[in-house]
Amino acid sequence: MAKLTKLEDIVSLCKRRGFIFQSSEIYGGLASCYDYGPLGSELKRNVRNAWWKSTVQMRDDIVGLDCSIFMHPLVWKASGHADKFADIVTVCKKCNVRSRVDHLASAENKTADGLAGKVCPACGAVGQFTEPMPFRLMFETQMGANVDDSMTIFLRPETAQGIFVNFRNVLDTTRVKIPFGIAQIGKSFRNEVTTKAFIFRTREFEQAEIEFFCAPGTDEKWFEHWKEARFKWYTDLGIKKENLRLRPHEKDELAHYAKACVDVEYKFPFGSGDWQELEGIANRTDFDLRQHQRGMRTLNAWYEKKGDLSKIDLNSESEDYQKGPLSYFDEEAKQRFIPYVIEPSAGIDRSCLAFLVDAYDEDEVNGEKRGLLRFHPAIAPVKAAVFPLVKKDGMPEIARNIYDDIRKYFNCFYDEKSAVGRRYRRQDEAGTPFCITIDGQTKEDQTVTVRERDSMKQERINMSQVKQYLREKLDI
Ligand code: ATP
């Protein structure tokens, strides 16, 4: 049977099975905000953990960080967000809906430059747009309880800046040496002009970012390294290769400071042309650290503390500049420089959507439709379900014992309600890779049935082996 990949099917499964709900649903919902339910919060945590494991736990050259969402307003001045973090938008004169200029499609047979041939996605009017204007994407709020001394601060639009402003702290308190990276997962906020496609583009979302610091001249090598490593992360977790690609940015797409950028794209079942960004990998040169050196200069705080460096002219490109507080001294090469940065920047929610879409499948069992999520075990919300075949003859007691034993190691689920076939189907739909059933034979020979989700094959193993069996099969 053909695989259904329509977004509506995913949304409906997510709602029905408690993966993802609309935020504030009982009050009519809040647009573009979503809550992860019992299965969804497990999925999301598993995706986060898989990212952390591969980037921090399994690497010698990356350390973790967890920064505050609120930051000093000068951070956003230095990073460029306060002045430039805006989408160029236009408003349809017919229906008053605001759209991002770069998201407008051309009307058929109209190839005119500018907005003359573009279609309003809300009402379909062609070429009825106001002059394009910047629209600031950062959310503002007030910090401080008193009216007089409260100040306007921003909800961070990316986690990266927390890493840059802690670069010196990490250098001074750990033994990292360049090349090394700092990784962080956390919430970011953008007042997006157009939100779309369920959890694909929302105004509150979670990012997983690495800033990988390296010596100028080695940046291209590390850029290649990260392209491969990040592509592999998705395929290792089960995303089909044919649904994933690396798309290099065209010259005119590149940010002015970026030397190169490539998007990891997934073939989502929506949008124009299907391929959509999952993650961006950019060679940001030394732009960010330089900007913050300049920013620190504005504030002067660091320079007051470290008088000896106060005479450095941070506004020039002079050699002196390289001696600033965010520079790095390479002991071996006896060289001081401002590190270059390779930034793989991923979205946890977008990844969850890609994992859901990619795992979604349907097949037929005894003439009946079976819906299932073929999740990789590492991200499956529930790793194993334990069932007594019937609710009598001591089976529930044995089942509970096994359940209590393995739940210490894996997220498991115990179910004794309804026919066993239905219990299997419910677990298939939740993406649970293994179901363990205790039946009449268990008491006689201490064996249980293990049923595998994808193949539906069953085998009997000794009940004392269940933990070890799952460990090996799940490989987690
Ligand atoms: P887009 O062009 O789709 O708006 P972007 O290029 O601005 O995205 P980045 O700033 O590179 O995105 O952010 C890095 C990653 O963070 C994206 O690849 C995506 O996975 C995630 N992300 C960014 N904005 C959102 C959002 N509004 N909702 C969900 N995830 C997001």
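This one's a predicted model, so the numbers in the text were calculated from it and none came from an experiment.

Reading guide: rules and limits
Residues numbered from 1 in each chain as written. Predicted model: local features only at pLDDT ≥ 70, side-chain atom pairs only at ≥ 80, totals over all residues. Heavy atoms only, no water. Near = heavy atom within 4 Å. Polar contact = N/O pair within 3.5 Å; in protein donor to acceptor, adjacent residues only side chain to side chain. Areas by Shrake-Rupley, 256 points an atom, 1.4 Å probe, with all protein chains shown as cover. Helix = DSSP H or I, 4+ residues; strand = E, 2+ residues; numbered from the N terminus. Axes fitted to C-alpha atoms, helices over the stretch in contact; angles between N-to-C directions. Parallel < 35°, antiparallel > 145°, perpendicular 65-115°, else oblique. Contact = heavy atoms within 4.5 Å. Nonpolar A, V, L, I, M, F, W, Y, C, P; charged D, E, K, R; others polar. Pairing = 2+ DSSP bridges. Patch = residues over 30% accessible without salt bridge, like charges linked within 9 Å, V, L, I, M, F, W, Y side chains within 5 Å. Salt bridge = Lys/Arg side-chain N within 4 Å of Asp/Glu carboxyl O. Buried < 20%, exposed > 50% of the residue type's maximum accessible area, 1.4 Å probe, protein only. Domains from an automatic or database assignment. Buried area = accessible area lost by both parts, 1.4 Å probe. Disulfide = S-S within 2.5 Å.

Engineer: An account of the site of the ligand is needed here, citing residue identities and associated values.
Structural biologist: The immediate surroundings of the ligand are formed by 16 residues, with Glu-192, Arg-201, Thr-202, Glu-277 and Leu-278 found nearest. Between the ligand and Gly-347 there is a distance of 3.1 Å, counted from an oxygen atom to a backbone nitrogen or oxygen. With the chains in place, 82% of the 590 Å² that the ligand exposes on its own is no longer accessible. Put simply, the parts of the chain that give the shell around the ligand at least two residues each are strand S10 (204-214), strand S13 (275-283) and strand S16 (340-347). Among the elements that take part in the shell around the ligand, S13 stands out by supplying four residues, more than any other.

Engineer: Explain the packing of helix H1 (residues 7-16) against helix H10 (residues 348-359) residue by residue, including any values.
Structural biologist: For the pair H1 and H10, interaxial distance at closest approach is 10 Å and the crossing angle is 105°. When the axis of H1 is compared with that of H10, the two are roughly perpendicular. Across the interface between the two elements, Leu-7, Ile-10 and Cys-14 of H1 pack against Leu-353, Leu-356 and Val-357 of H10. Along the lines of polarity and charge, the residues of the contact of H1 with H10 split into six nonpolar, no polar and no charged.

Engineer: Any chance you could break down the pairing of strand S18 (residues 368-373) for me, citing the residues and the numbers?
Structural biologist: In regular strands, side chains alternate between the two faces of the sheet. Bridge count for strand S17 (residues 360-365) against S18 is six bridges, and the pairing is antiparallel. In the sheet register, Tyr-360 faces S18, and the bridge partner there is Leu-373. Where S17 folds back on S18, the antiparallel hairpin that results is connected by two residues, among which Asn-366 adopts a positive phi of roughly 50°.

Engineer: Tell me about a nonpolar patch on the surface, residues and numbers included.
Structural biologist: A cluster of nonpolar side chains, contributed by Phe-70, Met-143 and Met-151, occupies part of the molecular surface with about 260 Å² of accessible area. Considering the arrangement of structural elements, one finds Phe-70 in the loop between strand S3 (62-65) and helix H3 (73-79). Exposure remark for Phe-70: the relative accessible area of 39% places this residue in the partly exposed category.

Engineer: Could you give an account of the sheet that holds S16, naming the residues involved and the relevant values?
Structural biologist: Here seven strands make up an open sheet; going across it, the order is S3-S9-S10-S16-S13-S12-S11 and the pairing mixed. Two strands close off the open sheet at either side, each with one partner strand: S3 and strand S11 (244-248). Neighbour to neighbour, the strand axes of the sheet diverge by 25° on average, direction disregarded. As paired elements, S3 and strand S9 (residues 180-189) share four bridges and run parallel to each other.

Engineer: Mind laying out the domain arrangement of the protein, listing which residues take part and the relevant values?
Structural biologist: Each assigned domain of the protein is listed here: domain 1 (7-84 + 139-354), domain 2 (88-136) and domain 3 (382-474). Centre-to-centre, using C-alpha coordinates, domain 1 lies 41 Å away from domain 3. The interface of domain 1 with domain 3 comprises seven residues on the first partner and six residues on the second. In this assembly, domain 1 packs against domain 3 so that about 570 Å² is buried in total across both faces, 39% of it on carbon and sulfur atoms. When the buried surface of domain 1 facing domain 3 is broken down by residue, Arg-17, Leu-39 and Glu-42 rank first, second and third, together holding 66% of it. The interface formed by domain 1 and domain 3 holds two salt bridges in total. Glu-429 is paired through a salt bridge with Arg-16; the nearest N and O atoms lie 2.6 Å apart. Counting across the domain 1 and domain 3 interface gives three residue pairs in polar contact (both at pLDDT 80 or more). Residue assignment for the side of domain 1 that touches domain 3 shows that the elements contributing at least two residues are H1 and helix H2 (38-57). The dominant element in the side of domain 1 that touches domain 3, judged by the number of residues it contributes, is H2, at three residues.

Engineer: Go over the sheet that holds strand S20 (residues 412-414) with me, naming the residues and quoting the values.
Structural biologist: Sheet strands line up and pair through hydrogen bonds in the backbone, either parallel or antiparallel. An order of S20-S19-S21-S22-S23 is seen for the five strands of this open sheet, with the pairing classed as mixed. Two strands bound the open sheet, and with one partner strand each, they are S20 and strand S23 (458-462). Taken over all neighbouring pairs, the strand axes of this sheet differ in orientation by 25° on average, direction set aside. Of the pairings in the sheet, the one linking strand S21 (residues 434-438) to strand S22 (residues 447-452) comprises four bridges and is antiparallel in character.

Engineer: I'd like a description of the state of the cysteines, backed by residues and values.
Structural biologist: With the rule as written, the count across this model stands at zero disulfides. For the unlinked cysteine Cys-14, the closest cysteine sulfur is that of Cys-352, found at 9.5 Å. The thiol sulfur of Cys-435 is not disulfide-bonded, and the nearest other cysteine sulfur, from Cys-412, lies at 11 Å. On the basis of relative accessible area, Cys-435 is assigned to the buried category, the value being 1%.

Engineer: Lay out the pattern of salt bridges with the relevant residues and their values.
Structural biologist: Scanning the entire structure with this criterion turns up 39 salt bridges. The salt bridge partner of Lys-15 is Glu-25, with a shortest N-O separation of 3.6 Å. Residue Lys-15 is located in helix H1, and its partner Glu-25 is located in the loop between strand S1 (20-22) and strand S2 (34-36); the two are separated by ten residues in the primary sequence. What makes Lys-15 partly exposed here is its relative accessible area of 42%. Notably, a salt bridge pairs Lys-44 with Asp-349, separated by 3.4 Å at the nearest N-O pair. With Lys-44 in helix H2 and Asp-349 in helix H10, this residue pair connects regions lying 305 residues apart in the sequence. Under the relative-accessibility criterion, Lys-44 is labelled buried at 7%. Linked through salt bridges whose partners overlap, the residues forming this network are Asp-361, Asp-363, Arg-370, Arg-374, Asp-428, Arg-451, Arg-453 and Asp-454.

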